[in-house]
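# Descriptive structure summary
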Amino acid sequence: KGVTYVAAAGNDGIRLDSVIPASYPEVISVSAMVDSDGSPGGNGASDLCMSLPDDTFAPFSNYGRQVGLSAPGVCVSSTYIGSNVAVDSGTSYASPAVAGAAALWLTSPAGIAATKDKERSTYPATVRKALLDARERTQLANDPDGIAEGVVSVRRF
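A brief report on the enclosed structure follows.

Here the focus is the sheet that holds strand β2 (residues 27-33). Taken in spatial order, the three strands line up as β1-β2-β3 in an open sheet, and their pairing is parallel. Of all the strands in the sheet, just β1 (5-8) and β3 (67-72) have a single pairing partner and so form its edges. Adjacent strand axes in the sheet meet at a mean angle of 35°, parallel and antiparallel pairs treated alike. Summarising the sheet, β2 and β3 pair through five bridges and their orientation is parallel. Within β3, the position partnered with A32 by the bridge is A71. Sitting on the sheet, helix α3 (residues 123-134) touches β2 and β3, and the angle it makes with β3 is about 55°.

This brings us to the layout of surface pockets. Taken as a whole, the largest pocket spans an internal volume of roughly 250 Å³. Looking at the largest pocket, it is lined by 20 residues, and the ones nearest its centre are M33, D35, E136, V151 and V152. Its residues assigned to classes, the lining of the largest pocket shows nine nonpolar, seven polar and four charged.

Attention shifts here to the side chain of Q66. Within the secondary structure, Q66 is located in the loop between β2 and β3. Q66 sits in the buried class, given a relative accessible area of 11%. Aside from chain neighbours lying at most four places away, what touches Q66 is L16, D17, A22, S23, S29 and R128.

Turning our eyes to something else, we now look at unusual backbone geometry. The linkage connecting I20 with the following residue, P21, adopts the cis geometry, with an omega of 5°. Considering the arrangement of structural elements, one finds P21 in the loop between β1 and β2. Unusually for a residue other than glycine, D55 sits at a positive phi of about 60°. Positionally, D55 belongs in the loop between β2 and β3. Exposure remark for D55: the relative accessible area of 12% places this residue in the buried category.

What follows is about the pattern of salt bridges. Within this structure, the stated rule accounts for two salt bridges. The salt bridge partner of K129 is D133, with a shortest N-O separation of 2.7 Å. Taken together, the residues K129 and D133, both in helix α3 and four residues apart, mark about one turn of the helix. With its nearest N and O atoms 3.4 Å apart, the salt bridge here joins R155 to E136. With R155 in the segment after α3 and E136 in the segment after α3, this pair connects stretches of sequence that are 19 residues apart. By relative accessible area, R155 is classed as exposed at 57%. Residue E136 is classed as buried on the basis of its relative accessible area of 19%.

What follows deals with the pairing of strand β5 (residues 84-88). Along any regular strand the residues' side chains alternate between the sheet's two faces. As paired elements, strand β4 (residues 76-80) and β5 share five bridges and run antiparallel to each other. The partner of V76 across the bridge, within β5, is D88.

Attention now goes to helix α1 (residues 91-107). Each turn of an α-helix holds 3.6 residues, which means side chains three or four residues apart point in the same direction. Along its 17 residues, α1 runs 25 Å from first to last C-alpha, staying within 8% of the 24 Å computed at 1.5 Å per residue. Among all positions of α1, only T91, A94, S95, V98, A101, A102 and W105 are buried. Mapping the buried residues of α1 onto a view down its axis gives an arc of 110°, with all of them on the same face. Close packing links the buried residues of α1 with β1, β2, β3, α2 (109-116) and α3.

Quick notes on the rules
Residues numbered from 1 in each chain as written. Predicted model: local features only at pLDDT ≥ 70, side-chain atom pairs only at ≥ 80, totals over all residues. Heavy atoms only, no water. Pairing = 2+ DSSP bridges. Helix = DSSP H or I, 4+ residues; strand = E, 2+ residues; numbered from the N terminus. Axes fitted to C-alpha atoms, helices over the stretch in contact; angles between N-to-C directions. Contact = heavy atoms within 4.5 Å. 1 Å grid on protein atoms, 1.4 Å probe; cavity = no way out; pocket = protein on both sides within 12 Å on 5 of 7 lines; lining within 4 Å. Points joined across faces, edges and corners; volume = space filled by probe spheres on them. Nonpolar A, V, L, I, M, F, W, Y, C, P; charged D, E, K, R; others polar. Buried < 20%, exposed > 50% of the residue type's maximum accessible area, 1.4 Å probe, protein only. Salt bridge = Lys/Arg side-chain N within 4 Å of Asp/Glu carboxyl O. Expected span 1.5 Å × (residues − 1). Arc of directions from axis to C-beta.

Shown next as C-alpha cells:
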C-alpha cells in the first residue's frame, strides 16, 4: 500500500499487453526514446551509438496503451563493473528517470501537500497523475502505436 511502481516496458519491440509487470494498470510503464540534447524539438544530433534521430521512439522499445511515459533510454552512460562507465540502451535505462521524477515530486512542496491528507493507498495514483500532468506532451516520431504518451519532465516540480 502506498508504493508507486515504475517498470521498464521491455525491449522486444512488441505490444505491452502481456508483459508483466509493465502491463499492470497500477504500474507506471516506461518506454525508451532517443534524447541527444535534453530538450524537446528534435534538434539534437543523432545519438552516437545507434545513429537514431533525436526525440524519436526507440525501435526496440515495447509500446501500447499501458505505457505511461517515455524517457531517455538510448546511448545512456552508466556505471559498470569495476567502477567503469559504459554506454548502453534499453527501457531499463529509461525507467529509473521516471522513478527519480516520482521521488522528486513526492519531496516537492506540491507532492508533500498533495499526499499530506490522503490515505497512503492513494499515493500511487496521485504520483502517476502528477507525472502525467507534468510531462512534455509530444508525439515521438516512429512510435508504432501512435499514442502520444509524453516524455517525463521535472521542470514543473
